[in-house]
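This is what each chain is made of:
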Amino acid sequence: MQRTLFRRGALLAQKAAVEVSLLPMSAPIQPRLDRAMSSVTIPPPECMLRPLEVPFRYLFGPGPSNVPPRVLAAGGRGIIGHLHPEMYEIMNDIKKGIQYAFQTQNNMTIAMSGSGHAAMECAVFNTVEPGESVLVAVNGIWGERVAEIAERMGANVHIMVKAPGGVFSNGEIEKALAKHKPVLFFLTHGESSAGLAHPVDGIGDLCRKHNTLFLVDTVASLGASPIFMDQQNIDILYTGSQKALNAPPGTAPISFNERACQKMFNRKTKPVSYLFDMAHLSNYWGNDGQPGLEESWRHHREVAGYLWKGLEDMGLKLFIQNKDLRLPSVTTIAIPEGYNWREMLQYIMKHHNMEMTGGLGPSTGMVSVRGMLKF
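- As named in an unreviewed UniProt entry, the chain is Alanine--glyoxylate aminotransferase, taken from Oncorhynchus kisutch.
- Here the chain is described in UniProt, under the heading Cofactor (unreviewed entry), as follows: "pyridoxal 5'-phosphate".
- According to UniProt, the comment filed for the chain under the heading Subunit (unreviewed entry) is "Homodimer."

Below you can see the structure in the form of structure tokens.
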């Protein structure tokens with residue numbers, strides 16, 4: 001019965017539409033439509049009249065990575081409202097997944113809309129006020145970025161500098177903490193510009209000893225290298241979706257522990273960004289032991305090992321010589337002497353459809369950066 005009524009209603013609607021379209025247009029309306037149409041002086045571009053074509057590429061750069069069909073299919077599902085009950089259920093599921101990947105029980109755990117830079121700025125903007133001391137470990141491009149972000153918002157920035165791929169000892173870090181007395185110390189766990197997985201153990205303890213928040217960037221390493229936010233006393237941790245997490249770019253998971261929240265929500269001034277203000281984001285997100293992660297770490301390390309051996313068997317030299325310090329998700333190859341790195345990468349792309357890069361920031365021209373094919 002209901003289907004019959006629905007079909008009759010649809011037929012009546014179609015009939016009414018035809019009848020309306022056949023009605024003669026009144027004189028006052030016609031000139032107005034003519035004027036509206038004639039006011040469009042810029043025609044639609046030809047590119048909008050063609051279907052979108054995207055070539056297939058093997059994405060072997062430091063990111064983004066190739067996305068599995070299951071993930072692409074999920075992105076094609078219907079849209080629902082951001083305040084619908086179903087949306088909050090999805091957000092709660094996402095939160096639980098981030099807590100698992102970060103190995104944390106922090107309630108203040110969300111997924112931001114934006115790239116890894118969004119989470120980077122969110123972390124600094126919410127925990128640092130103008131004039132406060134910030135210490136940044138710079139051994140690649142990401143430390144440089146954080147130093148500039150903190151400087152722009154008025155922090156008193158101090159940097160520890162090493163060449164790309166350099167490792168900061170805990171002794172060096174503690175000496176700098178004692179000297180500069182920062183409210184925040186930043187370290188990159190997965191430095192993709194050099195292919196380095198920086199050791200983290202013990203640094204969180206040092207930061208607590210000196211009353212400093214410990215901020216760690218895992219954009220290039222989460223899911224590929226072990227990280228334990230709670231066990232390693234990391235106060236703020238963030239990542240990006242487009243690397244080892246195997247998702248499209250545009251989502252930046254981030255988590256704050258209770259120490260960070262105490263600093264964040266007891267500010268004297270408002271954060272410089274409204275969009276990244278955790279007071280609003282935490283309200284929206286409702287924030288007022290199974291196998292899987294270990295297998296991902298093991299898998300990345302195993303596949304990277306095959307790649308490293310194959311490259312070395314070909315006579316190539318890896319930029320990070322210590323295997324224990326290599327980032328499994330990003331392999332950096334030292335440019336062979338006498339070769340033009342730009343010409344090499346252009347040839348690989350042209351003839352093999354493989355994307356590789358020639359380093360990032362201070363490592364540009366020193367290395368060829370190759371990410372991992374995801375499965």
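Okay, back to it.
**Structural notes on the environment of serine 192**
Step number 1: By the element assignment, serine 192 lies in the loop between strand 6 (190-191) and strand 7 (196-197).
Step number 2: The exposure class assigned to serine 192 is buried, which follows from its relative accessible area of 1%.
Step number 3: Spatially, the C-alpha atoms of serine 192 and tryptophan 142 are 8.5 Å apart, while their sequence positions differ by 50 residues.
Step number 4: At 2.9 Å, the side chain of serine 192 and the side chain of tryptophan 142 are in polar contact.

**Examining the packing of aromatic side chains**
Step number 1: Evaluated as defined, the whole model comprises 5 aromatic pairs.
Step number 2: Aromatic pair tyrosine 58 and phenylalanine 60: ring centres 6.1 Å apart, planes at 25°, arrangement stacked.
Step number 3: With a relative accessible area of 38%, tyrosine 58 lands in the partly exposed category.
Step number 4: When the centroid spacing of 5.2 Å and the interplanar angle of 80° are considered together, the rings of phenylalanine 228 and tryptophan 297 count as edge-to-face.
Step number 5: Here phenylalanine 228 falls in the partly exposed class, since its relative accessible area comes to 23%.
Step number 6: Put simply, the rings of Phe56, Tyr58 and Phe60 pair up and form one aromatic cluster.
Step number 7: A cation over a ring is seen here: arginine 326 above tryptophan 308, with NZ or CZ 5.0 Å from the ring centre.

**As for a nonpolar patch on the surface**
Step number 1: Taken together, the side chains of Ile80, Ile90 and Ile94 make up a nonpolar region of the molecular surface, amounting to roughly 220 Å² of accessible area.
Step number 2: Counting through the fold element by element, isoleucine 80 comes out in the loop between helix 3 (69-75) and helix 4 (85-102).
Step number 3: The exposure class assigned to isoleucine 80 is partly exposed, which follows from its relative accessible area of 34%.

**Overview of empty space enclosed by the protein**
Step number 1: Of the voids in this model, the second largest cavity is the one considered here, and its volume is about 40 Å³.
Step number 2: Along its surface, the second largest cavity is lined by Gly195, Trp308, Leu318, Phe319, Ile320, Arg326, Leu327, Val330, Thr331 and Thr332.
Step number 3: With 3 residues, the single largest contributor to the lining of the second largest cavity is strand 11 (residues 330-334).
Step number 4: Class assignment of the residues belonging to the lining of the second largest cavity gives a composition of 6 nonpolar, 3 polar and 1 charged.

**What about the pattern of salt bridges?**
Step number 1: Summed over the entire model, instances satisfying the criterion amount to 8 salt bridges.
Step number 2: Between glutamate 174 and lysine 209 there is a salt bridge, with the nearest N and O atoms lying 2.7 Å from each other. In this pair, glutamate 174 sits in helix 7 (residues 170-180) while lysine 209 sits in helix 8 (residues 203-209), placing the two residues 35 residues apart along the sequence.
Step number 3: According to the relative accessible area criterion, lysine 209 is exposed, its value standing at 61%.

Conventions and cut-offs
Residues numbered from 1 in each chain as written. Predicted model: local features only at pLDDT ≥ 70, side-chain atom pairs only at ≥ 80, totals over all residues. Heavy atoms only, no water. UniProt positions renumbered as here; feature names shortened; annotations may be inferred. Helix = DSSP H or I, 4+ residues; strand = E, 2+ residues; numbered from the N terminus. Buried < 20%, exposed > 50% of the residue type's maximum accessible area, 1.4 Å probe, protein only. Polar contact = N/O pair within 3.5 Å; in protein donor to acceptor, adjacent residues only side chain to side chain. Phe/Tyr/Trp six-rings, centres within 6.5 Å; stacked < 30°, edge-to-face > 60°. Lys NZ or Arg CZ within 6 Å of the ring centre and 35° of its normal. Patch = residues over 30% accessible without salt bridge, like charges linked within 9 Å, V, L, I, M, F, W, Y side chains within 5 Å. Areas by Shrake-Rupley, 256 points an atom, 1.4 Å probe, with all protein chains shown as cover. Salt bridge = Lys/Arg side-chain N within 4 Å of Asp/Glu carboxyl O. 1 Å grid on protein atoms, 1.4 Å probe; cavity = no way out; pocket = protein on both sides within 12 Å on 5 of 7 lines; lining within 4 Å. Points joined across faces, edges and corners; volume = space filled by probe spheres on them. Nonpolar A, V, L, I, M, F, W, Y, C, P; charged D, E, K, R; others polar.

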